[in-house]
Every structure is written in C-alpha cells, then in structure tokens.
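Observations on the three-dimensional arrangement
These are the residues of each chain, in order.
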Amino acid sequence: MSTLRSEAPLLSVRGLRTHFASRDGVAKAVDGVSFDVYPGETLGLVGESGSGKSVTCLSIVRLVPGPAGKIVAGEILLDGKDILALSQSDMANIRGSRVAYITQDPLTSLDPLFRVGAQVGEPMLAHHRASRRDVRGRVVEMLRRVRIPAPEIRARQFPHEMSGGMRQRVVAALALGCQPELLIADEPTTALDVTVQAQILRLLRDLQEESGLSMILVTHDFGIVARACDRVAVMYAGRIVELAPVADIFERPAHPYTIGLMGSVPKVGTKLARMLSIEGQPPDVRHIPAGCPFAPRCTARLDVCTAEYPPTRLLGDGHEVACWAVDPGEDGR
Amino acid sequence: MTLAETQGGQPAVSTATPPVLELQGVSRHFRVRTGGLLSRSHAAVRAVDNVSLFIAAGETLGVVGESGCGKTTVARLILRDIPPTAGRVWFGGRALDTMSHDERAALTRSVGAVFQDPFSSLNPRHRVSTIITEPAVIVGKLPRANRRAATKELLRLVGLPANAADLYPHEFSGGQRQRIAVARALSVSPSLLILDEPISALDVSIRAQIINLLKEVQHTFNLAYLFIAHDLASVYHMADRVAVMYLGQVVETGETVELYSRPSHPYSRALLSASLPINPRERKSEIILGGEVPSPLNPPEGCRFHPRCPLAFERCRVEQPPMTEVTPGHASACFLAEELHRGGPQLSQVPSPDVSPT
C-alpha cells in the first residue's frame, strides 16, 4: 500500500477550523485539520468523544449546527473545487448525490411514518437519478445490493418492522442510491451487536470494491480501524496528531497519544496485571492549553511542548505525526 | 472445580469454601401480550432459560453475549430485583428461597452493583458524599455520624480527591462518575459486585483506568465479580472464567485463557472473531455470521443457534445439545464441541446460512 499516489485526491481538507460560540468562550472543536481522501480508499478518523471527528465530518457536508457553530477558516476541496465557496443550493445538490452521510443511529435517521422504499427512493428523485416511473425498480435493486432478503416485500415495510442491522442496511441503500463518490459514515456500527457489526463492515467494503467509492469512517474503536480502513487519522482536541497507513499505526505508532490509546486497548494473548492507561482526561475544547494539548497527559513531554504546537513531521511513506518528541530520523522511534 | 450436572438440595460445586454465588438451572420468563391492545393471549419471553453459573470468592466471572442474550436479566435475578421463574440461587452455600425474608434481605444487601451509564445511575440532586454512603446507611451498616469519615475513605479507595465529597455528579467526567459508582458499590462492604457493562460508555483512554481500579479494589477486599460485557477484549483481562450466552442460555463456559484460545462453540468462535482486535493484514480470516439474534419470544427449536450456524446439521434442528465438558472446567453446548475444541472445521471457510431476520 504505497501512499506515493499519482492520482489526485477526491477530497482535500486544508487547515479546517470549526468553532462554536458558547457562554464560557469559544469551543475550538476543530482547530486546524488537514487531510486527503483518495478515490476508492477508506480513511478512518479515530478519537475520543470531543476530539472533533464528528464536527470535521459535519463541516465537509456544511451541516455544522449554526448559529453557534461556524467554519472560521480552511478549504474543503472536492475534486479540486472549494465547496465552502458554494451557494447553499449548489451545496444541497452535492449533499446526498456526490457526498453521502450516514450517522450512528439507524433508528433516528429513518422517518417512522414512511415506508422504507419511499425513503430510499426520495434522494434518487430529488437528484433526478430516477424518474417516478422507474424509482420503484431502482429502490428494490438498491435494497438487493445491500443484501436485504426479499427486497420487494421489505420496500413496503416501515422502519419499526425491521431489526437494527436491517435498518442500517436500509440507511446504506439510501445513502448509496445516487452513487456518491464519497461516503461519510459516522460510527455506523456503534449501535449494533458485534456479529451484525461485522456484517455491515463487510458489506461496506464489498460495496466499495464494486463501485470505487471513497469513504471516511469515524470510529473510536481500533478493532473497526483494523477491519475496515486503509489509512487512519488519529484526532485529539480538534487536531490530527497522527496520520498513517493502517498497518503502520498498528505496528509503529509514533505519537505518545496513539501509543497510549493502542496500549489501553486490551490485547488478547498477554494477560497483564495492570493495563496501560493514559492518566488524566482530554481537555475541555473551550480551554485548550497552550502548546500541544496532549502535553499535560504525556509521558514524553519536553519543555517546548507546553509552549508551542509541534509541526507535522513526515516519518516516511505517508506517515505523519505532530509531536516534538518524535525523532523523524529513526523512522518513528 | 468441576461443573457437574446436579439436582436437588445441594449446591453443584462442592469445595471447601462454598462459592459466593451459584445459579442452578435458573430460568426467568416474562409474560407479554401477543395480540392487540385488548387481546388476552399471552406468550412467555424466555429471557433466561436454565442457566447454571457459579462464582468463587475473589474470582471474576465474565458474562458475554449480544443484546437480548439475557446478561442483564441474570444480573437482576442475582440482585433480587426479580425472582426466578424456576431454579435456585445460592448465596454462600445457602439457597435464597429457603431463607426468611430478613435473612435474604441481609444477604442480598452484601451485593454491590455498578451500571453502564454513569450519567443516569447517579442522582443529580445529591452530593457525592450522600450518594456514596446512602446504601450503607440504609442497610444499617453505617451510623449517620460516621458518614464523613466513611466518605473520605471511600473516595481515597477509588482515587478521587477528598474535596469531591461536596460536589454534585454533573461536576465530574464520565470516568470520575464511574469511580463514584464504584465507591457507592463498595460502601456496603460487599462480597460480590455485579458490574453491568461498567466501561462500555467510557472513552477508550479512560476504560483502562477503571479496569485497573476494579482490579485493585478486588484484590484489596477479595471481592467476587460478575462482569457483564460485550467487549471481549476487556473481559479477557478482567475475568478468571467466562460464560458465553446466546438467547437466554449459556452456550459455553470455561477458564478465560482456555476458552479464548480454544473456543468450542461456533457462536463463541464467531463472537471472538468479530470483536477481538485483529491484525489489519489478516482481515480475510474473519467469521461473518448471517442473520441476527432471533426473538426470545419465539426461539428456534433444537439448538437456538442453529439457524445462524455454519455447521448446523439435521440433529441441531430437533434436539438441544447438552453442555458437554471438553476439558475439565470447559464445557460447550454443541454436538461438535469435541471436534471444535481440537481445532475443528475452519468457520471462516464455511459459508454462513443466509437467514432473513424478521
């Protein structure tokens, strides 16, 4: 998996800052995030709650809840065009057709009052991908593609008649109905049981292989990263602290936060008396400390860490890390 | 210790010291209305069906399974939140149903509990000092006058600063709240703690802190734990023994390391394959089951797992496989248990049946 890519990225996020106004000051939910997503790949966005992964995704589809939330800086280039410069109606044409978004909870993303077939067909009609006459056939075809058994019958059912896994398949059919180039999936399997989660992850991967779709997969679970992602960006306090091909993150994590996070995921095979843990807790995004926000919890802390945010260093082959303590000469450690 | 099949008036496990807790063939059925609003037809949801378990002093039993498998109902049965429909629960070698009401109350009060959601399990209107000492005051183990001293000691045990006593739950993070919940559970000097998904709602970097805390206090007080979780990796670290549940029944039980290295039930294998951290280079060897967990209202005939099992054959559809010991202390309810224990068929090579869940 070489990251020396000849092709242009499908999505390029540059210096994105999304802030929220609150009574206790400005919450810098996303504070200088840059990454690319290439055609056909899955980029994982990993981090804990409040690290800014969901807000990053909402910014890409320009659905940051206003008026408190606002994209204050940066560029989001889709095929080289800055979508932050688009009008609301041009943006609405992109949303659901070129960029699709699925959220964590399959129950709340479907309307309980409408049959699932009508909901899967709606974006196809709205974006003129199907006519009234052939939409029914397209819906059934989509439901079949997400491996829903008896799709003709299922299309006439309501969401409450389906299990959680089935509903998440319906949501996938809805999102992929207009053949988007980019799918943003925000914790798509968190609400599901593990054996069903494995089915959905396999399904997303199969669909991706069939159609060359690019995907941003938000998760807090390194098990999912290992199963589904090609590259992974680790977020902490609104920034990407490390970005690397997935095998590198597992074999050579470089940032002390990534190392701590990987260490606090229990491993089977070695039973430890004490698990490694990161002491303390993530900072409040309204009061991010100066310098590196991880410094107060970091065991490799240097004097410079509390004074200045570290520059991004390249460790080779697409492995980037923002840490003063990492020596780039030694390939990561 | 062996897991012998027993009936009658004796606990199944006979060792010098009786286990802290034992469940013998315990079932719990819930009646639900099946027809319309005015219908009189009822059906039984067999939430827990003929479950036998034991936990020795100072030991952790992990209970794993997916939603609807009966894990939480087991916890409620032990806490006497609900009585069993059938079977017996033993505490310290004595059957609960043979005790007087007062005796039973005294015993079950020596069980503490920590729940999944640290936000809804603490009363937002009470200060931490009240929250963590209230159970001990109510059961008469703590005179009101000693509350301050007890609060201080409990906070120290769970690694919270002494000034936490006068604060309210909303002033704490999720991990700190879970520490408060642990302090509250410890206040009654329990011999057994029920831990119902105590780390699932916490951030990854905080989970290890709580696991370490639970291990420390277990060691200090020789506590027995019933650790309910769906995250099999944390169970590996916490539990001495594991029981895997599916649709209200225990399908496999054994010592943790043994069970994880030689899972002898197809469901355990699939569950381990789907939830354990994997090497990103070895994605293709995963077992992907078809279908979803069926409704406990109408569980499948024969082995409850057979509609989703890649290895199911004719017998599985009609006959329920008994728990069979594959090695001392490790038992599985599968006709192919022995073969699976020896390494058996590679499930990732066998296609799963295509089940359409309803």
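These numbers were taken from a predicted model, which means no experiment stands behind them.

Next up on the list: the overall build of chain B. Scanning chain B from N- to C-terminus turns up eleven helices and twelve strands. A globule of 358 residues ought to have a C-alpha radius of gyration of about 21 Å, and chain B, at 21 Å, matches this closely. In terms of principal-axis extent, the alpha carbons of chain B reach across some 65 × 55 × 55 Å. Expressed as a percentage of its 358 residues, the buried residues of chain B come to 48%. Put simply, 67% of the contacts in chain B that link residues at least 6 apart link residues at least 24 apart.

As a further point, take the overall build of chain A. The secondary structure content of chain A amounts to ten helices and twelve strands. Rg of the C-alpha trace for chain A: 21 Å, near the compact-globule value of 20 Å for 333 residues, within the 12% margin. Expressed as a percentage of the 333 residues in chain A, the buried residues total 49%. Partitioning the contacts of chain A with sequence separation of at least 6, the portion at a separation of at least 24 is 63%.

In this section: the pairing of strand β4 (residues 86-91) of chain B. All names here are of chain B. Note that strand β1 (residues 21-33) and β4 share five bridges and pair antiparallel. Within the sheet, the bridge partner assigned to Leu23 lies in β4 and is Val89. Both β4 and strand β5 (residues 94-95) contribute to a ladder of two bridges, which runs antiparallel. Paired with Phe91 across the strands is Arg94, a residue of β5.

The pairing of strands in a sheet comes from backbone hydrogen bonds and takes either a parallel or an antiparallel form. Residues and elements named next belong to chain B. Here we have eight strands laid out as an open sheet, ordered β6-β7-β8-β3-β9-β10-β12-β11, and mixed in their pairing. Across the chains shown, the open sheet's two edge strands, defined by having one partner strand only, are β6 (111-114) and β11 (324-327). The average undirected angle you get between the axes of adjacent strands in this sheet is 20 degrees. Along the sheet, helix α9 (residues 266-275) makes contact with β3 (60-64), β9 (241-246) and β10 (249-255), crossing β9 at roughly 105 degrees.

A word on the interface of chain A and chain B. If you look at the interface, chain A gives 38 residues, while chain B gives 39 residues. Within the residue set of the side of chain A that touches chain B, elements represented by two or more residues are α6 (164-176), α7 (194-211), α8 (222-228), α9 (246-251) and α10 (256-263) of chain A. The greatest single-element share of the side of chain A that touches chain B, amounting to seven residues, is contributed by α7(A). Class assignment of the residues belonging to the side of chain A that touches chain B gives a composition of 19 nonpolar, twelve polar and seven charged.

What follows concerns the sheet that holds β4(B). The strand order across the open sheet built from four strands is β2-β1-β4-β5 (chain B), with neighbouring strands paired in antiparallel fashion. The open sheet has two edge strands with one neighbour each: β2 (42-55) and β5 of chain B.

Residues and elements named next belong to chain A. Examined at the domain level, chain A breaks down into domain 1 (11-98 + 186-196 + 207-330) and domain 2 (100-179). Just the C-alpha atoms count here: the centres of domain 1 and domain 2 sit 30 Å apart. The element that contributes the greatest number of residues to the side of domain 1 that touches domain 2 is α7, accounting for three residues.

All names here are of chain B. At a closest axis distance of 10 Å, the pairing of helix α3 (residues 128-138) and helix α4 (residues 147-157) adopts a crossing angle of 110 degrees. If you check the angle between α3 and α4, you find them roughly perpendicular. In contact with Ser129, Ile132, Thr133 and Ala136 of α3, α4 contributes Arg147, Ala150, Thr151 and Leu154.

Residue and element names in this part refer to chain B. Examined against the element boundaries, Ala86 turns out to sit in strand β4. Linking Ala86 and Val26, residues 60 residues apart in sequence, is a C-alpha distance of 5.5 Å. Filtering out sequence-adjacent residues up to four positions away, Ala86 remains in contact with Gly25 and Ser27.

We now examine the confidence of the model for chain A. Confidence in the prediction of chain A, expressed as mean pLDDT, is 89, and 96% of residues score 70 or more. Highest mean pLDDT in chain A belongs to strand β10 (residues 239-245) of chain A (97); lowest belongs to α7(A) (88).

Turning our eyes to something else, we now look at unusual backbone geometry. Residue and element names in this part refer to chain A. The omega torsion of the bond from Gly66 to Pro67 falls at 0 degrees, within 30 degrees of zero and hence cis. Considering the arrangement of structural elements, one finds Pro67 in the loop between α1 (53-60) and β4 (69-78). Residue Ala150 is not a glycine yet carries a positive backbone phi of 50 degrees. When you line up the elements, Ala150 lands in the loop between α4 (135-145) and α5 (151-154).

What follows covers α1(A). All names here are of chain A. For α1, the buried fraction is high: eight of the eight residues fall into the buried class. Among the residues of α1, those classed as buried are Lys53, Ser54, Val55, Thr56, Cys57, Leu58, Ser59 and Ile60. Count one or two residues on from α1 and you reach Arg62, which has phi positive near 55 degrees.

Further remarks concern the environment of Ser332(B). Residue and element names in this part refer to chain B. Among the secondary structure elements, Ser332 is positioned in strand β12 (residues 330-332). Here Ser332 falls in the buried class, since 30 other C-beta atoms lie within 10 Å of it. For Ser332 and Ser268, which are 64 residues apart along the polypeptide, the C-alpha to C-alpha distance reads 9.5 Å. For Ser332, the contacting residues outside a window of four places in its chain are Val251, Glu252, Ser264, His265, Thr324, Val326 and Ala337.

To continue, consider the packing of α7(A) against α9(B). Relative to each other, α7(A) and α9(B) sit at 55 degrees, their axes nearing to 9 Å. Classed by the angle they form, the pair α7(A) and α9(B) counts as oblique. Helix-helix and strand crossings are classified by hand; for α7(A) and α9(B) the assignment is left-handed. Across the interface between the two elements, Val194(A), Thr195(A), Gln197(A) and Ala198(A) from α7(A) touch Ala270(B), Leu271(B), Ala274(B) and Ser275(B) from α9(B). Class assignment of the residues belonging to the contact of α7(A) with α9(B) gives a composition of five nonpolar, three polar and no charged.

All names here are of chain B. Averaged over every residue, the pLDDT of chain B is 86; the share at 70 or more is 91%. Considering each helix and strand of chain B separately, the mean pLDDT is smallest for helix α2 (residues 101-108), with a value of 79, and largest for β12, with 97. Confidence over residues 1-9 falls short of pLDDT 50; this stretch has eleven contacts with residues more than four positions distant or in other chains. In the predicted assembly, ipTM is 0.80 and pTM is 0.85.

Rules used in this analysis
- Residues numbered from 1 in each chain as written.
- Chains lettered and ligands numbered in written order.
- Predicted model: local features only at pLDDT ≥ 70, side-chain atom pairs only at ≥ 80, totals over all residues.
- Helix = DSSP H or I, 4+ residues; strand = E, 2+ residues; numbered from the N terminus.
- Rg over C-alpha atoms; globule rule 2.2 N^0.38 Å.
- Buried ≥ 20, exposed ≤ 12 C-beta atoms within 10 Å, placed from the backbone.
- Contact = placed C-beta atoms within 7 Å.
- Pairing = 2+ DSSP bridges.
- Axes fitted to C-alpha atoms, helices over the stretch in contact; angles between N-to-C directions.
- Nonpolar A, V, L, I, M, F, W, Y, C, P; charged D, E, K, R; others polar.
- Domains from an automatic or database assignment.
- Parallel < 35°, antiparallel > 145°, perpendicular 65-115°, else oblique.
- pLDDT = per-residue confidence, 0-100.
- Left-handed = near helix turned anticlockwise from the far one by under 90°.

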